[in-house]
Amino acid sequence: MSPEHRASPEHTVSPEDPRTARTKARLRESLLAECADRPLGEVSVSAVARRAGVGRATFYLHYEDLPALAVDACADVVHAAVDALHAWQTEPGARAPVRPPAALAGFLADAAAHGALYRTLLLPGGGGPLGERLHRELRARARAERAAVGAPHADLVASAVAATFTGVLADWLHGSVPGSPAELADHVWPLLLALHRATSRPAGP
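Just so you know, these numbers come straight off a predicted model, no measurement behind them. (Residues numbered from 1 in each chain as written. Predicted model: local features only at pLDDT ≥ 70, side-chain atom pairs only at ≥ 80, totals over all residues. Heavy atoms only, no water.)

Caption draft 1: Spatial organisation of the overall build of the protein. Secondary structure assignment for the protein yields ten helices and zero strands. Each helix (α) and strand (β) of the protein, taken in turn from the N terminus, gives the series α-α-α-α-α-α-α-α-α-α. For the protein, buried positions account for 35% of its 205 residues. Within the protein, counting contacts between residues at least 6 apart in sequence, those at least 24 apart form 65% of the total. As displayed, the protein has an accessible area near 11,500 Å², and 56% of this comes from carbon and sulfur atoms. (Helix = DSSP H or I, 4+ residues; strand = E, 2+ residues; numbered from the N terminus. Buried < 20%, exposed > 50% of the residue type's maximum accessible area, 1.4 Å probe, protein only. Contact = heavy atoms within 4.5 Å. Areas by Shrake-Rupley, 256 points an atom, 1.4 Å probe, with all protein chains shown as cover.)

Here is the structure:
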């Protein structure tokens with residue numbers, strides 16, 4: 001192989017060091033534990049580092065601040081939300097059920113259990129770093145699914161689905177939308193189905 005075809009060091013992607021991965025995992029778990037009974041604003045870097053068994057200097061090697069760690073810690077909740085909404089897709093071409101998948105209520109129950117942290121990052125209406133990430137990943141999943149089957153208005157419907165679920169979840173966590181996790185799943189599911197079935201064509205005269 002000629003020199004110009006050899007991979008240069010700056011283009012070589014190295015996997016994350018196992019020790020780094022373990023340290024970051026401990027920091028994420030520590031933050032979630034610290035936020036179990038109090039909001040993120042009342043948690044300190046020292047407390048998180050101490051619970052994780054690392055020093056402050058080690059914390060700052062991996063994260064700029066607590067909000068950066070919090071968003072990383074909440075990455076799993078974003079994946080869990082996307083998976084819960086699509087848990088019924090066990091095979092290609094499957095039709096969405098009338099009733100919500102059980103995984104959706106399970107996800108909502110877990111979100112409520114970590115409500116103190118999620119309310120800090122997911123603001124009313126769906127804003128905040130967690131809201132932005134959730135909206136982005138839900139939209140990408142919905143758009144890809146519609147495009148794959150040739151459904152119309154993939155961009156429009158994907159945005160509507162992502163905005164609806166993110167906004168409803170945020171308002172529910174902040175107390176603006178009443179209901180238990182199971183009740184919310186029952187109420188939001190038909191809304192999402194209706195959006196997926198919409199064609200956005202104007203009604204005739």
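Picking up where we left off.
Caption draft 2: Region of the structure containing the packing of helix H5 (residues 75–85) against helix H8 (residues 128–149). Here H5 crosses H8 at 35°, and the two axes come no closer than 10 Å. For the element pair H5 and H8, the recorded crossing hand is right-handed. Taking contact as the criterion, the partners of Ala75, Val77, Val78, His79, Ala81, Val82, Asp83 and Leu85 in H5 are, on H8, Leu130, Arg133, Leu134, Glu137, Leu138 and Arg141. Its residues assigned to classes, the contact of H5 with H8 comprises nine nonpolar, one polar and four charged. (Axes fitted to C-alpha atoms, helices over the stretch in contact; angles between N-to-C directions. Left-handed = near helix turned anticlockwise from the far one by under 90°. Nonpolar A, V, L, I, M, F, W, Y, C, P; charged D, E, K, R; others polar.)

Caption draft 3: Spotlight on the nonpolar core. Residues Leu31, Leu66, Phe107, Phe165 and Leu169 are the most contacted members of the largest nonpolar core, which totals 49 residues. Among the elements that make up this core, the one with the highest residue count is helix H9 (residues 154–173) (eight residues). Among residues more than four places away in sequence, those in contact with Leu169 are Phe107, Leu108, Leu122 and Leu134. (Core = buried A, V, L, I, M, F, W, Y, C linked by side-chain atoms within 4.5 Å.)

Caption draft 4: Geometry of the packing of helix H6 (residues 102–113) against helix H10 (residues 181–197). Axis separation between H6 and H10 bottoms out at 8 Å; the angle between their running directions is 130°. Considering their axes alone, H6 and H10 lie oblique with respect to each other. Seen from above, H6 lies across H10 with right-handed handedness. Across from Leu104, Ala105, Leu108 and Ala109 in H6, the residues of H10 making contact are Pro181, Ala182, Leu184, Ala185, Val188 and Trp189. Along the lines of polarity and charge, the residues of the contact of H6 with H10 split into ten nonpolar, no polar and no charged. (Parallel < 35°, antiparallel > 145°, perpendicular 65-115°, else oblique.)

Caption draft 5: Looking closely at H9. Helix length check: H9, at 20 residues, gives a terminal C-alpha distance of 28 Å against a target of 28 Å (1.5 Å per residue), a fit within 8%. Buried residues of H9: Ala154, Val157, Ala158, Val161, Ala162, Phe165, Thr166, Gly167, Leu169, Ala170, Trp172 and Leu173, and no others. Residues of H9 that are buried sit in contact with H5, H6, helix H7 (115–121), H8 and H10. Immediately beyond the C-terminal end of H9, within one or two residues, lies Gly175, with a positive phi of roughly 90°. (Expected span 1.5 Å × (residues − 1).)

Caption draft 6: Seen up close, the environment of Val157. Among the structural elements, Val157 can be located in helix H9. Taking C-alpha positions, Val157 is 8.8 Å from Arg197, a pair spaced 40 residues apart along the chain. Contacts of Val157, omitting those with residues within four sequence positions, involve Arg146, Pro152, Leu195, His196 and Ala198.

Caption draft 7: Seen up close, the packing of aromatic side chains. Taken as a whole and judged by the stated rule, the model has three aromatic pairs. Each ring, one from Phe59 and one from Tyr63, has its centre 6.1 Å from the other, and the planes form 45°; the classification is tilted. Each member of the pair, Phe59 as well as Tyr63, carries the same accessibility label: buried. Ring geometry for Phe107 against Phe165: centres 6.4 Å apart, planes inclined by 40°, an arrangement best described as tilted. With Phe107 in helix H6 and Phe165 in helix H9, the pair connects residues that are 58 residues apart, well separated along the chain. Put simply, the rings of Phe59, Tyr60 and Tyr63 touch in pairs and so form one group of aromatic residues. (Phe/Tyr/Trp six-rings, centres within 6.5 Å; stacked < 30°, edge-to-face > 60°.)

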